[in-house]
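One letter stands for each residue in the lines below.
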Amino acid sequence: MKADNTIEQHPSWLTNSQILRCLTPEDRAKHKAMSEVIYEALPSKDLLIPMTEEEYDDTYTDENEDVVYGIFEQDRLIATSSLLHDVRAYAVNPELEEILKHPCIEIGESMVLPEYRGHGLMLRLNNLIKDEAKRQGVHYMLATAHPDNIASNTSLKHLGYKVIKEFTRAGKRRNLLVLDLTKE
């Protein structure tokens, strides 16, 4: 995993008991546990496609270039967002043929524990992803979100993402969203 050394651990938008940092391979279990809590609390399981064990294994290695931001309160992981380099799953979308010829990342695993929602944490983390993507020379950021997931769609649209279409991913309805960083 890659670390973003430009972030400060205590930005003004966090409470005094919260810290921000890049996750490391040692945080894999906390990330997975947080994801499971969020998934179980969902009113509809279609709203989230959890990472598979293989995806966790791929992300949480020292060799991987993915960046995962996390917000901790005490030692508890309360929010995450990830810059993921493996965008091969998007190749099934002919609308992205030209885009995928350029440096692309996926923003994913953007989650906040239910009791911490409503404070803009997802948008703040996703802005960090956007900044890191620009530093890495990424041209396009890709994302998917369930059409009924208002928080995720709103956060992505605030970043500048545009909905390309609705499609099915892993058997679940999703909006396909793209952010063109070359126009920023």
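Predicted model, so just to flag it, every value in this text is computed and none were measured. Residue positions are counted from 1 within each chain, in the order its sequence is given. Local features in a predicted model are, by the rule used here, given only for residues with pLDDT of at least 70; side-chain atom pairs are given and counted only at 80 or more, and totals for whole chains, interfaces and linings are based on all residues. Just so you know, side-chain values use all the structure's heavy atoms and leave hydrogens and water out.

Novice: So what's going on with the overall build of the chain? Residues and values would help.
Specialist: Helix numbers and strand numbers start at the N terminus; a helix is a DSSP run of H or I with at least 4 residues, a strand a run of E with at least 2. Scanning the chain from N- to C-terminus turns up four helices and seven strands. Order of helices (α) and strands (β) in the chain, N terminus to C terminus: β-α-α-β-β-β-α-β-α-β-β. Compactness check: the chain gives a C-alpha radius of gyration of 15 Å against a globular reference of 16 Å for 184 residues, within 12% of the reference. In terms of overall dimensions, the chain has a C-alpha envelope of 45 × 35 × 30 Å along the principal axes. It is over C-alpha atoms that the radius of gyration is taken, and the globule rule equals 2.2 Å times the number of residues to the power 0.38.

Novice: Just give me the short version of the environment of H119, but keep the residues and values in it.
Specialist: Along the chain, the position of H119 falls in the loop between β4 (104-112) and α3 (121-135). Separated by 51 residues in sequence, H119 and A170 place their C-alpha atoms 30 Å apart.

Novice: Before we move on, could you go through the packing of aromatic side chains and cite the residues and values that matter?
Specialist: Pairing of aromatic rings covers Phe, Tyr and the six-membered ring of Trp, with a centre-to-centre limit of 6.5 Å; geometry is then stacked below 30 degrees between planes, edge-to-face above 60, and tilted otherwise. By the definition in use, this model includes one aromatic pair. In this analysis the charged atom, NZ for Lys or CZ for Arg, is taken to sit over a ring once it is within 6 Å of the ring centre and within 35 degrees of the ring normal. One residue, K45, lies across the ring of Y39, its end atom 5.4 Å from the ring centre. It is R169 that lies over the ring of Y90; its NZ or CZ is 4.9 Å from the centre.

Novice: Mind laying out the nonpolar core, listing which residues take part and the relevant values?
Specialist: The term nonpolar core refers to a set of buried residues drawn from Ala, Val, Leu, Ile, Met, Phe, Trp, Tyr and Cys, joined through side-chain atoms within 4.5 Å. Each residue's exposure class comes from its accessible area (1.4 Å probe, protein chains only) as a fraction of the maximum for that residue type: buried when under 20%, exposed when over 50%, partly exposed otherwise. Counting 46 residues, the largest nonpolar core has L20, Y69, I71, I107, M141, L156 and Y161 as the members making the most contacts within it. Contacts between residues were defined by any pair of non-hydrogen atoms, one from each residue, lying within 4.5 Å. Beyond its immediate sequence surroundings of up to four residues, I71 is in contact with W13, L14, Q18, I19, L20, R76, L77, I78, A79, L121 and L125. Core analysis: the next-biggest nonpolar cluster, separate from the first, contains ten residues, Y90, L96, I99 and F167 among them.

Novice: Any chance you could break down the confidence of the model for the chain for me, citing the residues and the numbers?
Specialist: Residue-level pLDDT values for the chain average 93, and 100% of them are 70 or greater. pLDDT is a per-residue confidence score from the predictor, ranging from 0 to 100. Taken element by element, the predicted model of the chain shows its lowest mean pLDDT in helix α2 (residues 53-59) (90) and its highest in strand β2 (residues 67-73) (97).

Novice: Please set out the sheet that holds strand β6 (residues 162-169) residue by residue, giving values where relevant.
Specialist: Paired strands, as defined in this entry, are two strands with at least two bridges between them according to DSSP. The seven strands lie next to each other as β1-β2-β3-β4-β5-β7-β6, forming an open sheet whose pairing is mixed. Whereas interior strands pair on both sides, the edge strands pair on one side only; in this sheet they are β1 (18-22) and β6. Taking each pair of neighbouring strands and ignoring which way they run, the sheet shows an average axis angle of 25°. With five bridges connecting them, β1 and β2 associate as antiparallel partners. Across the sheet, L20 pairs through a bridge with I71, a residue of β2. Every axis corresponds to a line fitted to the C-alpha atoms, with the helix fit spanning only the stretch in contact, and the corresponding angles, defined between N-to-C directions, vary from 0 to 180 degrees. This element, helix α1 (residues 28-41), spans β2, β3 (76-84), β4 and β7 (172-180) of the sheet and lies at about 100° to β3.

Novice: Which residues make up the side chain of S110, and what are the values?
Specialist: By the element assignment, S110 lies in strand β4. Under the rule applied, a polar contact is a pair of N or O atoms within 3.5 Å (in protein, one hydrogen donor and one hydrogen acceptor; residues adjacent in sequence only if both atoms are side-chain atoms). Of note is the side chain of S110, whose polar atom sits 3.0 Å from the side chain of N126. Beyond its immediate sequence surroundings of up to four residues, S110 is in contact with T80, S81, M122 and N126.

Novice: So what's going on with unusual backbone geometry? Residues and values would help.
Specialist: Backbone geometry places E109, a non-glycine residue, at a positive phi of 55°. Along the chain, E109 turns up in strand β4. Look at A170: it is not a glycine, yet its phi comes out positive at around 55°. Here A170 is to be found in the loop between β6 and β7. Residue classification places A170 among the exposed residues on the basis of a relative accessible area of 63%.

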